[in-house]
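# Fold and contact review
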Amino acid sequence: AALGPDDQHRCWDYSGLYNHIASPIFVAENRFDQNQINDVLLCPTSRNNSRTDDFIADFGAIMTQGLLDTVRGERGVSKGDGLFSPSCFDHTSAFCMEGGQVIELQDDASTEVRL
């Protein structure tokens, strides 16, 4: 689908592409995507304080809900889509399976989401 000049940035965003993919897909996304947290949203994670921790926790909750809503939505279910979203603070590495920083929240017992 053609996008106007104000929406061309959506070409790299799964939320803009998802409804145009007819094949079943397996979504793999770090719950705490370091690129989005640090470079896009400019959260200074080098400053370890309660505001930063709260921001990261909120980001993870929003990311999880968005992914679940998408994959569990009518289109995702009808296609048979799947999801793996570990609580990894990274962008493109091996989803913390080969090391990396895992985010553990005190109020959240699950460290990954699988469907």
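The preceding data block contains the structure.
Structure report, in brief. (Residues numbered from 1 in each chain as written. Predicted model: local features only at pLDDT ≥ 70, side-chain atom pairs only at ≥ 80, totals over all residues. Heavy atoms only, no water.)

### Focus on the packing of aromatic side chains
Taken as a whole and assessed by the stated rule, the structure comprises 0 aromatic pairs. Sitting over the face of the ring of Tyr18, Lys79 holds its NZ or CZ atom 4.7 Å from the ring centroid. (Phe/Tyr/Trp six-rings, centres within 6.5 Å; stacked < 30°, edge-to-face > 60°. Lys NZ or Arg CZ within 6 Å of the ring centre and 35° of its normal.)

### Let's talk about a nonpolar patch on the surface
On the surface, Val40, Leu41 and Phe55 cluster together into a nonpolar patch covering about 250 Å² of accessible area. Summarising the element assignment, Leu41 is placed in the loop between α2 (34–40) and α3 (50–71). (Patch = residues over 30% accessible without salt bridge, like charges linked within 9 Å, V, L, I, M, F, W, Y side chains within 5 Å. Areas by Shrake-Rupley, 256 points an atom, 1.4 Å probe, with all protein chains shown as cover. Salt bridge = Lys/Arg side-chain N within 4 Å of Asp/Glu carboxyl O. Helix = DSSP H or I, 4+ residues; strand = E, 2+ residues; numbered from the N terminus.)

### Brief notes about α3
Taking 1.5 Å per residue, 22 residues should reach 32 Å; α3 reaches 31 Å between its end C-alpha atoms and fits that length. Residues of α3 that are buried include every one of Thr52, Ile56, Phe59, Gly60, Met63, Thr64, Leu67, Leu68 and Val71, and no others. Down the axis of α3, the buried set is contained in an arc of 155 degrees. They therefore lie on one face. Turned more than 90 degrees away from the buried face of α3 sit Ser50, Arg51 and Ile62, all of them exposed. (Expected span 1.5 Å × (residues − 1). Buried < 20%, exposed > 50% of the residue type's maximum accessible area, 1.4 Å probe, protein only. Arc of directions from axis to C-beta.)

### Looking at the pairing of strand β3 (residues 82–86)
Of all 5 residues making up β3, 5 are buried, and the element is well covered by its neighbours. Alternating positions in β3 separate into two faces, Gly82, Phe84 and Pro86 on one and Leu83 and Ser85 on the other, with burial throughout. Relative to β3, strand β1 (residues 26–28) runs parallel, the two being bridged by 3 bridges. Residue Phe26 lies in a different strand from β3, and its bridge partner there is Gly82. (Pairing = 2+ DSSP bridges.)

### Description of unusual backbone geometry
Most peptide bonds take the trans configuration, and most residues that are not glycine carry a negative phi. The backbone of Leu42 sits at a positive phi, close to 60 degrees, despite the residue not being glycine. With respect to the secondary-structure elements, Leu42 resides in the loop between α2 and α3. The class of Leu42 is exposed, set by a relative accessible area of 64%.

### Digging into the nonpolar core
Membership of the largest hydrophobic core is limited to 12 residues, which are Val27, Phe32, Ile37, Cys43, Ile56, Phe59, Met63, Leu67, Leu68, Val71, Leu83 and Phe89. A per-element tally of this core places α3 first, with 6 residues. When residues no more than four places from it in sequence are discounted, the contact partners of Met63 are Glu29, Asn30, Arg31 and Gln36. (Core = buried A, V, L, I, M, F, W, Y, C linked by side-chain atoms within 4.5 Å. Contact = heavy atoms within 4.5 Å.)

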